[in-house]
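Commentary on secondary and tertiary structure
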Amino acid sequence: MERKDFIQKFAIGGSILLTTPLLFNACSDGNDDVMDDEENGQNGNGIKVDLNNASFAALKDVGGFAYTGNIIVIRSGENAYIALSKICTHEGCTVTYNHANSQLPCPCHGSVFSSTGAVVNGPANSNLKTYSVKKEGDILTIT
Ligand code: FES
């Protein structure tokens, strides 16, 4: 193999090795919602939550909450539901919900979020992503 050929093959191989991890990272960043949709078999139409499903029994009561994919769904009122990312923006722990103060505490390092997803207490410094929820019969559609 001549030097020129070696350099050309090395450059192509090196480019592939360097860009492949970036491509995989790009696919995972910001595509968590798609993963959620796929997990729920509702790609493109939002995530469906059947309130009759035992997994969502906690949503029968005001103040109850349940998780679907990376989303926490909260029954905040008689006919009011909210959905937010369940992933704490500090280091990724799963937030919970405290109906007494309508806040979402993170058990790992003490961050607290409001029911609109806003940071109330750090160390998290960015808000939880919010989703819209539409109720039709016993089905919630989260988009
Ligand atoms: S991961 Fe939630 S406060 Fe650190």
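Preceding block: the structure.
Heads up: these notes are all about the structure in this document. (Residues numbered from 1 in each chain as written. Predicted model: local features only at pLDDT ≥ 70, side-chain atom pairs only at ≥ 80, totals over all residues.)

1. Points about the sheet that holds strand β3 (residues 71–77)
Quick note on the threshold: Note on pairing: DSSP must find at least two bridges between two strands before they are called paired. In DSSP terms, a helix is any run of H or I states spanning at least four residues, a strand is any run of E spanning at least two, and both are numbered starting from the N terminus.
Ordered in space as β2-β3-β4-β8, the four strands form an open sheet in which the pairing is antiparallel. Two strands close off the open sheet at either side, each with one partner strand: β2 (65–68) and β8 (130–131).

2. So, the environment of Gly 137
Stated precisely, the cut-off is as follows: Residues are called buried when their C-beta atom has 20 or more other C-beta atoms within 10 Å, exposed when it has 12 or fewer, and partly exposed otherwise; all C-beta atoms are positioned from the backbone.
The residue Gly 137 is located in the loop between β9 (133–136) and β10 (139–142) in this model. With 8 C-beta atoms counted inside 10 Å, the residue Gly 137 sits in the exposed group. For Gly 137 and Leu 51, which are 86 residues apart along the polypeptide, the C-alpha to C-alpha distance reads 9.0 Å.

3. Some thoughts on the sheet that holds strand β5 (residues 103–105)
Quick note on the threshold: Fitted lines through C-alpha atoms serve as axes, helices being fitted only where they are in contact, and the angles separating the N-to-C directions of these axes extend from 0 to 180 degrees.
Spatially, β5-β6-β7 is the arrangement adopted by the three strands of the open sheet, whose pairing is antiparallel. Two strands close off the open sheet at either side, each with one partner strand: β5 and β7 (119–121). On average, adjacent strands in this sheet sit at an angle of 30° to one another, irrespective of strand direction. Relative to β7, strand β6 (residues 112–114) is paired through two bridges, and the arrangement is antiparallel. The residue of β7 that forms the bridge with Phe 113 is Val 119.

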